[in-house]
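The residues making up each chain are set out below.
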Amino acid sequence: LRKISGEWHGPCPNCNDGDDRFWITIKNGELRVNCRKCDDWKAIQGALRDRGLWPPLNSGPPRLPETPVTAADLETPYHIRKKIDLFQSAALVGKIVEYPLFYADKTVAGRQRIAPNGEKRFNKGFKKDGAFGATMPIGSGETYIAEGAATAMSVTMATGLPCIIALDAGNLPKAVKAIQKHYPKITLIGSGDNDPSGIKAMQEAMIPYAVPIYEDADWNDVHVSLGLDAVKAGLKRTTKSLFR
């Protein structure tokens, strides 16, 4: 294959055309193929599948490649390992990322501390129900909500919009309810994890939401593996809650 104007060209595996009319592109983590002669992408995929170059039918949802965590990674501050900025209101205390948590009535709920190995701890006496953090100030307009801090910051970096940190899937619907009560000018959009608890949380929150197409992945996983453009494109594929 040879690259021409952002596409890879070569003989078509289906019609055997050798005039470089077969093309391959990769955009936002999605592989696309076709031929400008036979124009039969299904047959092309079948021909590639016969050669072991395309996933078999009924192979299940796509998965992101696993990124191994090294001993050195576990000594690196969490936000650096996750390729995110140190979001507004967060601070680095030694190698610990620390940020404040609030309730929707603007009272302080406490703080979450995230160690380099990803271990998350709250201050003594913290009550989670309805508490949340945020990557940017909130108050009105489109605002995303995610389970964890890394996911939330990846969403903000991709979209430029605030993202609320709900702390976990179980607390997300509670945070949504409280925020909708106290911040009526906010339009919440879910940026969920693609796992059973994440999708359940999005459904129970009764807001439009988007989850990665990759099984068991969150939006930070997409960011780390495929980049922020893939996050931005994926977040546009929103789904309405079945409970609406």
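Attention now goes to the nonpolar core. Among the nonpolar cores identified, the biggest contains 32 residues, and Phe87, Tyr99, Ile165, Leu167, Trp219, Val222 and Leu235 are the most heavily contacted of them. Put simply, the parts of the chain that give this core at least two residues each are strand 6 (96-102), strand 7 (108-114), strand 10 (141-146), helix 3 (149-159), strand 11 (163-165), helix 6 (219-226) and helix 7 (228-235). For this core, the element with the highest residue contribution is helix 3, accounting for 6 residues. Not counting the four nearest positions on each side in its chain, Tyr99 is found in contact with Phe87, Ser89, Ala90, Gly110, Arg111, Gln112, Ile114, Gly133, Ala149, Ile165 and Leu167. Phe132, Ile164, Ala205 and Tyr209 belong to the second largest nonpolar core, which has 19 residues in total.

Pairing is antiparallel across the open sheet formed by 4 strands, whose spatial order is 1-2-3-4. Strands at the two margins of the open sheet, each flanked by one partner only, are strand 1 (2-4) and strand 4 (30-35). In this sheet, neighbouring strand axes are inclined to one another by 30 degrees on average, regardless of whether the strands run parallel or antiparallel. Sheet analysis places strand 1 next to strand 2 (residues 7-10), joined by 3 bridges and oriented antiparallel. Within strand 2, the position partnered with Ile4 by the bridge is Glu7. Where helix 1 (residues 41-50) meets the sheet, it contacts strand 3 (22-27) and strand 4, and its direction lies at approximately 110 degrees from that of strand 4.

The rules behind each value
Residues numbered from 1 in each chain as written. Predicted model: local features only at pLDDT ≥ 70, side-chain atom pairs only at ≥ 80, totals over all residues. Heavy atoms only, no water. Core = buried A, V, L, I, M, F, W, Y, C linked by side-chain atoms within 4.5 Å. Buried < 20%, exposed > 50% of the residue type's maximum accessible area, 1.4 Å probe, protein only. Helix = DSSP H or I, 4+ residues; strand = E, 2+ residues; numbered from the N terminus. Contact = heavy atoms within 4.5 Å. Pairing = 2+ DSSP bridges. Axes fitted to C-alpha atoms, helices over the stretch in contact; angles between N-to-C directions.

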